[in-house]
Amino acid sequence: MSFQKENEDKPKLAKNETIKEASNLLRGTIAEGLLDESTGALTSDDTQLTKFHGIYQQDDRDIRRERRKAKLEPAYSFMTRVRLPGGVCTPQQWLDMDAFCTDYANGTLKLTTRQAFQLHGIIKKNLKLTIRKINDSLMDTVAACGDVNRNVLCNPNPYQSILHAEALEIARAISDHLTPATRAYHEIWLEDENGEKQKITEAPEPEFEPIYGKTYLPRKLKTAVALPPCNDVDIFASDLGFVAVIEDDKIVGYTVTVGGGMGMSHGQVKTFPRLADALGFCTPDKVTDVAEKIVTTQRDYGDRTDRKHARLKYTIEDRGLEWFRGEVESRLGYSLDEPRPFKFDHNGDRYGWVDDENGNSHLTLFIQNGCVVDTDDFPIRTGLREIAKVHDGDFRLTANQNLIIANVSSAKRTEINNLLLKYKIDECYDQSGLRLNSMACVALPTCGLALAESQRYLPDLIEELEAVLEELGLEKEPITIRMTGCPNGCARPYIAEIAFVGRAPGKYNIYLGGGFTGDRLNKLYKAAVKQEEILGIFRPIFERYARERTEGERFGDFVIRAGYVAETRLGREFHDDFKED
Ligand code: SRM
Ligand code: SF4
């Protein structure tokens, strides 16, 4: 075969591969672009690279049309994601984020589904300063996005402080080990114009990428650490997971899980959400090694020709779990033990105060869709700021977009309780079981991929559904409900008992039958339903659930038993069994 023919037959690499390769370890022309005052944007190639620095270029979609009419460029601004392994930050860091939110962003502090902070609406001329300030506060945005290992989730467990400390240490070790080594971040964002170094959170490493290589991973990779029986990190939705095995109140090791993921595209059945499989077991001292070898296996075998087929879940689906285990073990130079069984009993958060074995207390608060923003009748952002001023423990962001005021000493509890009362925050978990188990992604107006509203609509839809549930005496029933503005799955909709996924403005696909513990995918029940039809669809289902459910039967299990949807057993069967009526 001629050389030319051979090259023609080789599938073409995805465009992002060329951008990464040519970027000089993620530098591109970002530094020059920041100095260009003629536009609020960066070049399109650079916007792919800024993701690795935790920065997304966006524009305000609410005013796109009017800007176009006025012949103005879109209202560009930047979202930045602050990486917090395990979601833990100090009260001072909370206060700093709160201040940056006012000084440089749009006034909403967003707590994400992966225990990170997001600031939206930062204009180009403030971007470098914002990133520096975040680093001055000993946080960073490195690898919060991009084709690398992302923020590592860890169960924020307020019940057992000792186990939490151990699991958090592991999450931080994985995060540190898999952080890209390039100095590009420090050069672009943290050096001043004279080349002087600003304060940085960690010393720059030598100029090569020992784990990733210069084209990094084919796609993002997400890691989580869970402590059963709580699956609030949704371990089955992560590419890579470590489930703690606890014996005599100690973590003796971790069952390793691989191949979870949510994203798919409407109408493309080759894309599907998938739950992770158990790969093996390792002791705590082996965790970072195992994580590294899984990452390098994906680096070398993930599909770099098609970004819709590039996640670890497809590598495992295509090549098989046995092959994957063999490849990882040959890189490790030893075998993984058999996975140890584990059992979860919920994937939501448990609200209210709990005391731990050290005599400290922890308060889990419901934050609707993770949006910390003041409204006239609910000044939660101000209230949390006042609490941060007196709190001497820590804050923990949960992977359900909620917040734990953690490690409150008995000396501080009364003071914090008084502030909770003053700002009405004590009432924030006195809500229906449906609302307390709800999540919505950002979607409009900032997300460039949104097809429909999500966090701006779900609270109102829940209010309508709550009225029906109350009539039926189901208002306290915990039911997981999640909404996303598109099928990418940022609020992990495909494992919710009820999910709405945006199709077009005002239209959603409805999925039913996810597992209450996050262990079963749901199934499409109705496609492209108009907003105004939703209530009519749910009333009869809720009525039957109230009448016919068996003792303790979860809503997700009931809809399968009652025949509304078939059970989804495997990701690749997610699109089966649906007939459009
Ligand atoms: Fe996500 C892309 C927001 C968690 C799957 N996600 C995006 C972008 C950056 C849109 C874009 O690419 O232009 C969104 C920015 C919106 C905005 O204006 O802020 C966005 N994702 C979010 C957040 C903020 C949702 C939230 O309301 O909390 C979450 C941030 C997490 C973090 O702190 O790191 C967020 N995204 C997730 C999750 C949930 C998870 O990881 O547990 C998923 C599903 C799990 C998974 O990855 O499989 C998820 N986001 C995606 C995808 C689909 C990936 C795929 O494999 O198909 C995209 C699109 C993409 O990557 O091309 C995406
Ligand atoms: Fe945007 Fe879609 Fe993610 Fe929602 S699910 S934030 S609409 S990418």
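Attention in this report is confined to the structure presented alongside it. (Residues numbered from 1 in each chain as written. Chains lettered and ligands numbered in written order. Predicted model: local features only at pLDDT ≥ 70, side-chain atom pairs only at ≥ 80, totals over all residues. Heavy atoms only, no water.)

### Examining the overall build of the protein chain
Part 1: For the protein chain, the count of helices and strands is 18 helices and 20 strands.
Part 2: Its C-alpha radius of gyration of 23 Å places the protein chain within 12% of the 25 Å reference for a compact globule of 581 residues.
Part 3: With respect to the three principal axes, the spread of C-alpha positions in the protein chain is 70 × 65 × 60 Å.
Part 4: For the protein chain, the distance from the average site of its 77 positive side-chain charges to the average site of its 92 negative ones is 4 Å. (Helix = DSSP H or I, 4+ residues; strand = E, 2+ residues; numbered from the N terminus. Rg over C-alpha atoms; globule rule 2.2 N^0.38 Å. Lys, Arg positive; Asp, Glu negative; His and termini not counted. Charge placed at Lys NZ, Arg CZ, Asp CG, Glu CD.)

### Let's talk about the environment of F395
Part 1: With respect to the element layout, F395 can be found in strand β14 (residues 394–397).
Part 2: Between the C-alpha atom of F395 and that of H362, which follows or precedes it by 33 residues, the distance is 9.5 Å.
Part 3: Leave out the neighbours within four places in its chain, and F395 touches G87, V88, C89, T90, P91, W94, A388, L403, I404 and I405. (Contact = heavy atoms within 4.5 Å.)

### Examining the site of ligand 2
Part 1: The environment of ligand 2 is made up of C441, A443, C447, L449, A450, T484, G485, C486, N488, G489 and C490.
Part 2: For the shell around ligand 2, the residue count by class is seven nonpolar, four polar and no charged. (Near = heavy atom within 4 Å. Nonpolar A, V, L, I, M, F, W, Y, C, P; charged D, E, K, R; others polar.)

### Digging into the pattern of salt bridges
Part 1: Scanning all chains against the criterion turns up 43 salt bridges.
Part 2: The closest approach of N and O atoms between E247 and R340, which form a salt bridge, is 3.5 Å. Of this pair, E247 sits in strand β8 (residues 240–247) while R340 sits in the loop between α12 (321–332) and β11 (352–355); the two residues are 93 residues apart in sequence, bridging distant segments of the chain.
Part 3: The exposure class of E247 is partly exposed, given its relative accessible area of 40%.
Part 4: A salt bridge links R396 to D394; its shortest N-O distance comes to 3.0 Å. Accessibility assignment for this pair places R396 and D394 in one class, buried.
Part 5: A single network of salt bridges, built from pairs that share partners, joins E17, K20, D147, R304 and R307. (Salt bridge = Lys/Arg side-chain N within 4 Å of Asp/Glu carboxyl O. Buried < 20%, exposed > 50% of the residue type's maximum accessible area, 1.4 Å probe, protein only.)

### What about the coordination of the iron atom of ligand 1?
Part 1: If you check the protein contacts of the iron atom of ligand 1, you find one donor only, C490 (SG), at 2.3 Å.
Part 2: In this structure, C490 sits in the loop between β17 (481–484) and β18 (498–504). (Donors = N, O, S within 2.8 Å, 3.2 Å for Na, K, Ca; no water.)

### Remarks on the environment of T223
Part 1: Structurally, the position occupied by T223 is in strand β7 (residues 223–226).
Part 2: With sequence-adjacent residues up to four places away left out, T223 is seen in contact with R114, N149, N151, V152, L153, I174, S238, L240 and F242.

### As for the layout of surface pockets
Space left empty within the atom packing is revealed by a probe, the size of a water molecule, rolled over the atoms.
Part 1: When its volume is computed, the second largest pocket comes out at roughly 650 Å³.
Part 2: If you go around the second largest pocket, you meet 24 residues; those closest to its centre are Q368, N369, C371, V373 and T375.
Part 3: Its residues assigned to classes, the lining of the second largest pocket shows 10 nonpolar, nine polar and five charged. (1 Å grid on protein atoms, 1.4 Å probe; cavity = no way out; pocket = protein on both sides within 12 Å on 5 of 7 lines; lining within 4 Å. Points joined across faces, edges and corners; volume = space filled by probe spheres on them.)

### Some details on the nonpolar core
Part 1: Counting residues in each nonpolar core, the largest one holds 92 residues, and the members touching the most others are W94, F117, W189, V225, F242, I294 and L384.
Part 2: Apart from the residues lying within four places of it in its own chain, the contact partners of W94 are C89, L109, L111, F117, V372, L384, R385, A388, F395, L397 and L403.
Part 3: Y457, I498, F542 and V565 belong to the second largest nonpolar core, which has 33 residues in total. (Core = buried A, V, L, I, M, F, W, Y, C linked by side-chain atoms within 4.5 Å.)

### Quick word on the side chain of D394
Part 1: Tracing the backbone shows D394 in strand β14.
Part 2: In this structure the side chain of D394 is engaged in a polar contact, spanning 3.0 Å, whose partner is the side chain of R396.
Part 3: The contacts of D394, once residues within four sequence positions are left out, are V88, C89, P91, I404, I405, A406 and N407. (Polar contact = N/O pair within 3.5 Å; in protein donor to acceptor, adjacent residues only side chain to side chain.)

### As for the sheet that holds β14
Part 1: Read across the open sheet, the five strands follow the order β3-β14-β15-β12-β11; overall the sheet is antiparallel. In this open sheet, the two edge strands, each paired with only one partner strand, are β3 (88–89) and β11.
Part 2: Packing against the sheet, helix α6 (residues 91–103) makes contact with β3, β14 and β15 (403–408), and its axis sits at approximately 60 degrees to β14. (Pairing = 2+ DSSP bridges. Axes fitted to C-alpha atoms, helices over the stretch in contact; angles between N-to-C directions.)

### Some points on the site of ligand 1
Part 1: In the vicinity of ligand 1 there are 29 residues, among which T112, M262, T446, C490 and R492 approach most closely.
Part 2: Interatomic distance of 3.0 Å between a side-chain N/O atom of K110 and an oxygen atom of ligand 1.
Part 3: When residues of the shell around ligand 1 are traced back to their parent elements, those giving at least two are β1 (55–59), β2 (76–82) and β5 (117–122).
Part 4: Across the shell around ligand 1, the residue classes break down as 10 nonpolar, 11 polar and eight charged.

### Overview of the packing of aromatic side chains
Part 1: Evaluated as defined, the whole model comprises 24 aromatic pairs.
Part 2: Arranged with centres 6.3 Å apart and planes meeting at 35 degrees, the rings of F100 and Y104 form a pair that is tilted.
Part 3: Taken together, the ring pairs in this structure connect F500, Y525, F538, F542, Y545, F555, F558 and Y564 into an aromatic cluster.
Part 4: Here the basic side chain of R413 rests over the ring of W353, its NZ or CZ set 4.1 Å away from the ring centre. (Phe/Tyr/Trp six-rings, centres within 6.5 Å; stacked < 30°, edge-to-face > 60°. Lys NZ or Arg CZ within 6 Å of the ring centre and 35° of its normal.)

On their own, these measurements won't tell you what the molecule is for.
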